[in-house]
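Listed here are the chains, written in short residue letters.
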Amino acid sequence: MAGRGGGRGRGRTNMTFNLEDLGIGRGEALPPTAVKPTPLFPPMTAQAVPLQTGEEVEYMLALKQELRAACKTLPFYIRRAAPRKDVVRYSDKYHKGEPRDNTIEWSPDWSRLPKELCIKVRKSQRKGPVCPPQVKAVKKSIMEKEEVLSKLETLEKKEEMAVNSGDEDEEEKKKTNEEEEQVEEEELDEEDLEEETDYIMSYFDNGEDFDIDSDDNIDEAVY
Amino acid sequence: MLRQLHWELLIWLWLSHSDIAVCRFSTGCKGPVKYQAVGERILRIPHYPRYIYTAKTLYGDTAKRIIEELLLRGHMTMSSTVKTVANHLSLNMEEGKSSFSKLVDTYFLQCCPPVSASTPATTGAPESAPESFPDYYKVPTVGLISRGKRRRSSDDGDEQRNRKKARVETETHGDEGIYWQVNFERFHLHFRDQAIISAVASKLDQTSSEIVRTMLTMSTVTTPPTAICTQNLSTNQIFRSLPSNCSISRPILDEYLSLLVDDPMEFVGKSGDSGGGMYVINLHRALANLARATLESVVQERFGSRSAQIFRLLLQKRHLEQKQVEDIVMIAAKEAKDMLYTLLAEDLVQLQEIPKTPEHNPSRTFYLYTVNQLSTARILLQHCYKTMASLIDRRLFETEENKRLLEKSQRNEAILASLQAIGAGDEQLQQVKEMITQLEQHLEALRHLRHHINKLDSTENQVAETIFLLESYINSTTTAAH
């Protein structure tokens, strides 16, 4: 440390080896130190030799490009599945060419591959292996029957309510079932009360509805 | 994100393409199956065009097509290969089969080794060498129905029936389970021979290259692939096997051989005097000298001819001090110093310290410059791979950028082609062409793009040749060292 500090005023730093051996003579200026990273494309000192030309070279070029194009048509080339669009469109029916799933239609010789890779691919559009779809289909049909029965019951009770039962999915059916039952209960309550008194119960406000809406703002600060 | 299913599919695909070697536990251990990616195999892909071109020059278009199919699909049965090729080129099966057998007889194609379920778990060693399997080059006898394009002339009814039958019965040709793959080693040996022959031709003359070619063809079957030099060949044998177009008399042949032996490239060596003189081709030396020439030319192109002079001097004299270098090459001290440091910075030249005193005092140490050919070749090989990666990157980038342009032009071509197929009249074609003509600048841009991509592809091919040379030199040196 001391040597380095002392040498600053007197010229070159002192080093363990003789600078002249390295070829840097006395009084010679060293190249300036670099203060930034090396450039991304350093300047070329020499131009590259031009490419070989000739029939052979062009033939090989054509071969290479053909190979590349041929690779894309092989079953080995898995294309990404087309991303699922947000809305099911009418034109999808006519665009079924691209695979919607990351599966391919090709089976190799299984004797050359390890057993664990041999999986049966199940796609909703294709006929998969026997067991799973049957079970699921059976379950589905059972659920549908139950729901149809409960639906018919609620329909019988309320003839004036317009219910969209035919066009909805299973989950929405359940939801509407629950909603209908709730609405039913409320209506029944109102009817009973009305029979006892002359006052119209719907005009009476007993304050129970006061805090019901505030449940929605639990997360926000109350001022 | 790829789901689990997708990963399994990918592995399955790669395996079938025999890019990956499978290492499995034996069924007794019941361990998980291990997969291994063989990097070497993947790095051979840049050489594919060269393999195909070689097949074409040696054995014609059918062979070229066979090799192309096998390279694309990894491995296939003989019958499926021959069928595909015959249908493509509208030949009959016999020609396809004869091409196939020719390729097998010359060892360019080999049988895939059987996948055994019980390879030892610990070693994870690659499967046994093909030569150890005795039936590797035996062509199976199969009966193939000739179904070239000539069937178009037959009745439609007949065709329908045939097609139906074909779909109902799965066609078996008697060679199920016997898969064939390309024998890359054989191709590499061929490339090596070609490199030696062309080097001799460019350095000496055509006749000497013919002589060397004869010697190499005579020893292809007898020399193992890792041999340092071929078997001894007597002058009499060479004289008898010379091709007919190269008619030289016996004393002239002797002269040529002695010229080849004296040449500093050391391709041919004399190993005895019986039979009119026994000669060998020094394969390892030839490769080393070819690699050396490559290194020298790289230095010359990048740093100038004077640096190349210094490099050559160091290769020749092994260890030299800086002062000695300056004196021998007769370049000014400052310039020589500069050049040496540049070469040192690029790792083409190494510095060797020899201390005079046991304290390794820097002022009393010899600093010698030296070139280690093997390590320099390795460094250059790394550079080549980096170059190849950059080329591929740039090509993909250019394609991505101009994707829209390319798609548009493809669509236009497709429209025109379909119109022509329908048989539209000339005026209609002209009208459509006018409708879909692109702007002049688009066409210009398209032309530029094509030009760039062609240049990049062609450069990749050239770099692949250099890679091959350096790799074979490094492999031959490391195997010779063992």
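Figured I'd write up the structure that's included with this text. From a predicted model like this one, the values you see are computed outputs, not experimental measurements.

Basis of the calculations
Residues numbered from 1 in each chain as written. Chains lettered and ligands numbered in written order. Predicted model: local features only at pLDDT ≥ 70, side-chain atom pairs only at ≥ 80, totals over all residues. Heavy atoms only, no water. Patch = residues over 30% accessible without salt bridge, like charges linked within 9 Å, V, L, I, M, F, W, Y side chains within 5 Å. Areas by Shrake-Rupley, 256 points an atom, 1.4 Å probe, with all protein chains shown as cover. Salt bridge = Lys/Arg side-chain N within 4 Å of Asp/Glu carboxyl O. Helix = DSSP H or I, 4+ residues; strand = E, 2+ residues; numbered from the N terminus. Buried < 20%, exposed > 50% of the residue type's maximum accessible area, 1.4 Å probe, protein only. Pairing = 2+ DSSP bridges. Axes fitted to C-alpha atoms, helices over the stretch in contact; angles between N-to-C directions. Parallel < 35°, antiparallel > 145°, perpendicular 65-115°, else oblique. Left-handed = near helix turned anticlockwise from the far one by under 90°. Contact = heavy atoms within 4.5 Å.

### A closer look at a nonpolar patch on the surface
On the surface, A:Val148, A:Leu149, A:Leu152 and A:Leu155 cluster together to form a nonpolar patch covering roughly 340 Å² of accessible area. Positionally, A:Leu155 belongs in helix α4 (residues 131–157).

### As for the pairing of strand β5 (residues 179–182) of chain B
Residue and element names in this part refer to chain B. Here β5 shows no split at all, with Tyr179 and Gln181 on one side and Trp180 and Val182 on the other all buried. Pairing geometry for strand β3 (residues 76–77) and β5, over two bridges, is antiparallel. For threonine 77, the partnering residue across the bridge sits in β5 and is tyrosine 179. Pairing between strand β4 (residues 109–111) and β5: three bridges, direction antiparallel. What sits directly across from glutamine 110, in β5, is glutamine 181.

### Brief notes about the sheet that holds strand β10 (residues 350–355) of chain B
Residues and elements named next belong to chain B. One open sheet accounts for three strands, arranged β9-β11-β10; its pairing is antiparallel. Strands at the two margins of the open sheet, each flanked by one partner only, are β9 (320–321) and β10. Both β10 and strand β11 (residues 365–370) contribute to a ladder of six bridges, which runs antiparallel. By the bridge assignment for β11, glutamate 353 is matched with tyrosine 367.

### Thoughts on the packing of helix α3 (residues 55–73) of chain A against helix α3 (residues 48–59) of chain B
In the contact formed by α3(A) and α3(B), the axes pass within 9 Å of each other and the chain directions differ by 120°. Looking at the two axes, α3(A) sits oblique to α3(B). Crossing geometry of α3(A) relative to α3(B) is assigned as right-handed. Residue-level inspection shows A:Glu56, A:Tyr59, A:Met60, A:Leu63, A:Lys64 and A:Leu67 of α3(A) in contact with α3(B), the latter providing B:Tyr48, B:Pro49, B:Arg50, B:Ile52, B:Tyr53 and B:Lys56.

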